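Here are the chains, one letter per residue:
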Amino acid sequence: MSAAALPSYQPDISHLITEDDTPVDNILSEKQQRLLTEPLYSSWEGPGNDRTFVALANVGVFYMARNPAIVPDVLFSADVEMPDDFSHKENRSYFLWEFGKAPDIAIEIVSNKVGKEDDEKKQKYARMRVGFYVIYDPLDVLMPKRLTVYRLRGWSYEPYDSTAFPEFNLALTLWKGEFEKHQREWLRWTNNQGDIILTGKELAAQERFRADRLAEKLRALGVDPNQV
């Protein structure tokens with residue numbers, strides 16, 4: 001039998017619980033999750049060289065059909081594409097055999113001391129072969145540092161003394177500012193140049209500011225900006 005004629009193997013996932021509709025996140029975590037996903041689709045130039053990516057929040061990741069999902073607060077995966085039809089169960093979670101690879105970055109947002117982010121979850125992500133594992137502890141309840149990054153080496157993680165992921169044109173930074181009328185410290189993405197990756201609202205405001213400045217300069221020159 002030729003390679004082209006070999007049947008493709010699709011594991012039975014009918015028994016897997018891909019979503020249980022149980023809200024478990026607090027408001028801070030929910031806002032932080034969106035701040036780490038929406039900007040990548042709103043204003044980011046991407047990993048470069050027309051590479052595709054997905055960024056997801058609170059979606060189950062399955063690496064074996066017999067195991068329950070692990071659910072990172074945020075995941076980033078390069079060189080994969082989002083499925084088109086979410087009506088099919090195999091398209092509604094991150095199944096490694098469907099996407100063809102593990103996520104590149106998994107982020108956990110700590111809200112209490114029982115989540116086992118630096119123990120059990122870290123071991124599971126390592127077995128799953130997630131390249132980088134990030135623990136953000138905004139309330140200082142678990143970790144010695146507010147932002148901790150691990151890099152996969154062999155079958156376990158080692159501390160990573162950077163928050164940059166240059167191969168993806170991404171880095172993480174702690175940013176103080178306002179998001180959805182809440183002024184505090186937030187975890188934000190930047191690109192390789194260190195520029196904050198803006199939300200859609202921030203991008204629109206930036207473009208309005210530039211347009212207003214241009215209009216002011218034209219008026220100073222005696223030019224009606226509405227006639228340009």
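Parameters and conventions
- Residues numbered from 1 in each chain as written.
- Predicted model: local features only at pLDDT ≥ 70, side-chain atom pairs only at ≥ 80, totals over all residues.
- Heavy atoms only, no water.
- Salt bridge = Lys/Arg side-chain N within 4 Å of Asp/Glu carboxyl O.
- Buried < 20%, exposed > 50% of the residue type's maximum accessible area, 1.4 Å probe, protein only.
- pLDDT = per-residue confidence, 0-100.
- Contact = heavy atoms within 4.5 Å.
- Pairing = 2+ DSSP bridges.
- Helix = DSSP H or I, 4+ residues; strand = E, 2+ residues; numbered from the N terminus.
- Axes fitted to C-alpha atoms, helices over the stretch in contact; angles between N-to-C directions.
- Polar contact = N/O pair within 3.5 Å; in protein donor to acceptor, adjacent residues only side chain to side chain.
- Arc of directions from axis to C-beta.

Participant: Help me out: how do you make sense of the pattern of salt bridges in this one?
Facilitator: Should their charged atoms come close, side chains of opposite charge can pair. Inspection of the entire model under this criterion finds 14 salt bridges. A salt bridge links Arg146 to Asp140, with the shortest nitrogen-to-oxygen separation between them at 2.3 Å. Arg146 sits in the partly exposed class, given a relative accessible area of 28%. The exposure class of Asp140 is partly exposed, given its relative accessible area of 44%. Connected through salt bridges with shared partners, the residues Glu30, Lys31, Arg34 and Glu180 form a single ionic network.

Participant: Got a minute to help me understand the confidence of the model for the protein in this structure?
Facilitator: In low-pLDDT segments, the atomic positions of the prediction should not be examined closely. Within the protein, residue pLDDT values average 90, and 90% of them lie at 70 or more. Low pLDDT (under 50) marks residues 1-7, which in the prediction has 2 contacts with non-local residues, meaning those over four places away or in another chain.

Participant: Explanation requested: the sheet that holds strand 10 (residues 170-179) in the structure shown.
Facilitator: Where strands meet in a sheet, backbone hydrogen bonds hold them as pairs that are either parallel or antiparallel. Ordered by their spatial adjacency, 3 strands build an open sheet running 9-10-11, and the pairing between neighbours is antiparallel. Sheet topology places strand 9 (164-165) and strand 11 (182-190) at the edges, where each strand pairs with a single neighbour. With 2 bridges connecting them, strand 9 and strand 10 associate as antiparallel partners. Each residue of the ladder has a partner; that of Ala164, found in strand 10, is Ala171. Where helix 1 (residues 27-35) meets the sheet, it contacts strand 10 and strand 11, and its direction lies at approximately 35° from that of strand 11.

Participant: Explanation requested: the environment of Asn191 in the structure shown.
Facilitator: Relative to the elements of secondary structure, Asn191 occurs in the loop between strand 11 and helix 5 (200-220). The class of Asn191 is buried, set by a relative accessible area of 7%. In the structure, Asn191 is positioned 145 residues away from Gly46 in sequence and 8.9 Å away in space, judged by C-alpha atoms. Not counting chain neighbours up to four residues away, the residues in contact with Asn191 comprise Glu45, Asn169 and Ile197.

Participant: Could you clarify how one ought to interpret helix 1 in this entry?
Facilitator: All buried positions along helix 1 are accounted for by Ser29, Lys31, Gln32, Gln33 and Leu35. One side-chain oxygen of the residue at the start of helix 1 lies 3.1 Å from the amide nitrogen of Leu28, identifying that residue as Asn26.

Participant: Which parts of the structure should I look at to understand helix 4 (residues 120-128)?
Facilitator: Spacing of three or four residues puts side chains on the same side of an α-helix, whose turn is 3.6 residues. Those residues of helix 4 that fall on the buried side of the exposure criterion are Lys122, Tyr125, Ala126 and Met128. Seen along its axis, helix 4 keeps its buried residues to an arc of 160°; they face one direction. Among the structural elements, strand 2 (61-62), helix 3 (96-99), strand 5 (105-109), strand 6 (132-136), strand 7 (147-153) and strand 8 (156-159) are those in contact with the buried residues of helix 4. Looking one or two residues beyond helix 4, the residue adopting positive phi is Arg129, at roughly 75°.

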